[in-house]
Amino acid sequence: MTPEDKLLTVTLVGFSLWGCWQLIQWFRKAPVTPNPWDEKTEESLNQPDAMPLCRRCLESHHPDARYCSNCGLPVDSMVPLSPFHQVFALGDVLLTGTQRRFPVNWLTVTGFVLLSMIQYLVFAPFYWFFLLRNVRRLQTESLSSHGINENSSGTKEHE
Ligand SMILES: [Zn+2]
């Protein structure tokens, strides 16, 4: 190692340490707030007539409701703690893979495959059949929305 290389290495390590120190100082000086939203949003959340919204369909529901009356999603705040409600929440997630629209990519499909393996064990291949059917449907819809249609002979043509 030449003296220039040593000098370059020491300089790069020094800049890296300085950068880490600046990052730590930036985190330490940042204001500590319990919520990521601003004061106005916090104030509107604490209004007596504020209604919670469903995470999926954004329909308002009663604060004590266990399921969304519009789409059926478990909205109870105790869902993460209740094994009984977790069954419905996981079932709802897996239902998204077979019947609803979701961003089709390797991460989402792998997630559905792994989650179904954990949930359904030996019955997972049945789920995979419906999952792949939904993925094909979504990909076909995506292609047709980009102006590509399949005619009766199976060849693709532009509109
Ligand atoms: Zn809903």
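What counts, and where the lines are drawn
- Residues numbered from 1 in each chain as written.
- Predicted model: local features only at pLDDT ≥ 70, side-chain atom pairs only at ≥ 80, totals over all residues.
- Helix = DSSP H or I, 4+ residues; strand = E, 2+ residues; numbered from the N terminus.
- Rg over C-alpha atoms; globule rule 2.2 N^0.38 Å.
- Buried ≥ 20, exposed ≤ 12 C-beta atoms within 10 Å, placed from the backbone.
- Axes fitted to C-alpha atoms, helices over the stretch in contact; angles between N-to-C directions.
- Parallel < 35°, antiparallel > 145°, perpendicular 65-115°, else oblique.
- Left-handed = near helix turned anticlockwise from the far one by under 90°.
- Contact = placed C-beta atoms within 7 Å.
- Nonpolar A, V, L, I, M, F, W, Y, C, P; charged D, E, K, R; others polar.
- pLDDT = per-residue confidence, 0-100.
- Expected span 1.5 Å × (residues − 1).

## A few points about the overall build of the protein
Alright, step 1. The number of helices and strands found in the protein is five helices and two strands.
Alright, step 2. Along the protein, from the amino end to the carboxyl end, the secondary structure elements read α-α-α-α-α-β-β.
Alright, step 3. Since a compact globule built from 159 residues should have a radius of gyration of about 15 Å, the 25 Å found for the protein marks it as more spread out than a globular shape.
Alright, step 4. Expressed along its principal axes, the backbone C-alpha trace of the protein runs to roughly 70 × 60 × 40 Å.

## Notes on unusual backbone geometry
Alright, step 1. For leucine 58, which is not glycine, the phi dihedral falls at a positive 60°.
Alright, step 2. Tracing the backbone through its elements, the reader meets leucine 58 in the loop between helix 2 (39–45) and helix 3 (83–99).
Alright, step 3. A tally of 10 C-beta atoms within 10 Å means that leucine 58 is categorised as exposed.
Alright, step 4. At leucine 121, a position not held by glycine, the phi torsion is positive, near 50°.
Alright, step 5. Residue placement: leucine 121 occurs in the loop between helix 4 (106–120) and helix 5 (124–145).

## Focus on the packing of helix 3 against helix 4
Alright, step 1. Direction vectors running N to C along helix 3 and helix 4 enclose 135°, while the axes themselves pass 10 Å from each other. Put simply, helix 3 runs oblique to helix 4. By crossing handedness, the relation of helix 3 to helix 4 is classed as left-handed. Between helix 3 and helix 4, the contacting residues are Leu90, Val93, Leu94 and Gly97 on the first element and Phe112, Leu115, Ser116 and Gln119 on the second.
Alright, step 2. Among the residues forming the contact of helix 3 with helix 4, the class breakdown is five nonpolar, three polar and no charged.

## Quick word on the confidence of the model for the protein
Alright, step 1. This prediction gives the protein a mean pLDDT of 87; 92% of its residues lie at or above 70.
Alright, step 2. Below pLDDT 50 for its whole length, residues 150–159 participates in eight contacts with residues either more than four positions away or in separate chains.

## Regarding the environment of aspartate 92
Alright, step 1. Tracing the sequence through the fold places aspartate 92 in helix 3.
Alright, step 2. Residue classification places aspartate 92 among the partly exposed positions, given that 17 C-beta atoms sit within 10 Å.
Alright, step 3. In sequence terms aspartate 92 and leucine 73 are 19 residues apart; their C-alpha atoms lie 6.9 Å from each other.

## Thoughts on the packing of helix 3 against helix 5
When two helices pack together, their arrangement is captured by the angle between the axes and the distance separating the axes.
Alright, step 1. One can describe the packing of helix 3 onto helix 5 by two numbers: an axis separation of 6 Å at closest approach and a directional angle of 50°. Put simply, helix 3 runs oblique to helix 5. Along the contact surface, helix 3 presents Leu94, Gly97, Thr98 and Gln99, while helix 5 presents Tyr127, Phe130, Leu131 and Asn134.
Alright, step 2. Here the contact of helix 3 with helix 5 is composed, by residue class, of four nonpolar, four polar and no charged.

## Examining helix 4
Alright, step 1. Over its 15 residues, helix 4 extends 21 Å from the first C-alpha to the last, a length consistent with the 21 Å expected when each residue adds 1.5 Å.
Alright, step 2. The first or second residue beyond helix 4 is leucine 121, which carries a positive phi of 50°.

## Looking at the environment of tryptophan 128
Alright, step 1. Inspection of the secondary structure puts tryptophan 128 in helix 5.
Alright, step 2. Taking the C-alpha atoms as reference points, tryptophan 128 and methionine 117, separated by 11 residues in sequence, lie 9.3 Å from one another.
Alright, step 3. Dropping the residues within four chain positions of it, tryptophan 128 is found in contact with Val113 and Ser116.

## Some points on the environment of threonine 108
Alright, step 1. As for its placement among the helices and strands, threonine 108 is situated in helix 4.
Alright, step 2. The spacing of threonine 108 and lysine 6 is 102 residues in sequence and 46 Å in space, taken between C-alpha atoms.
Alright, step 3. Among residues more than four places away in sequence, those in contact with threonine 108 are Phe102 and Pro103.

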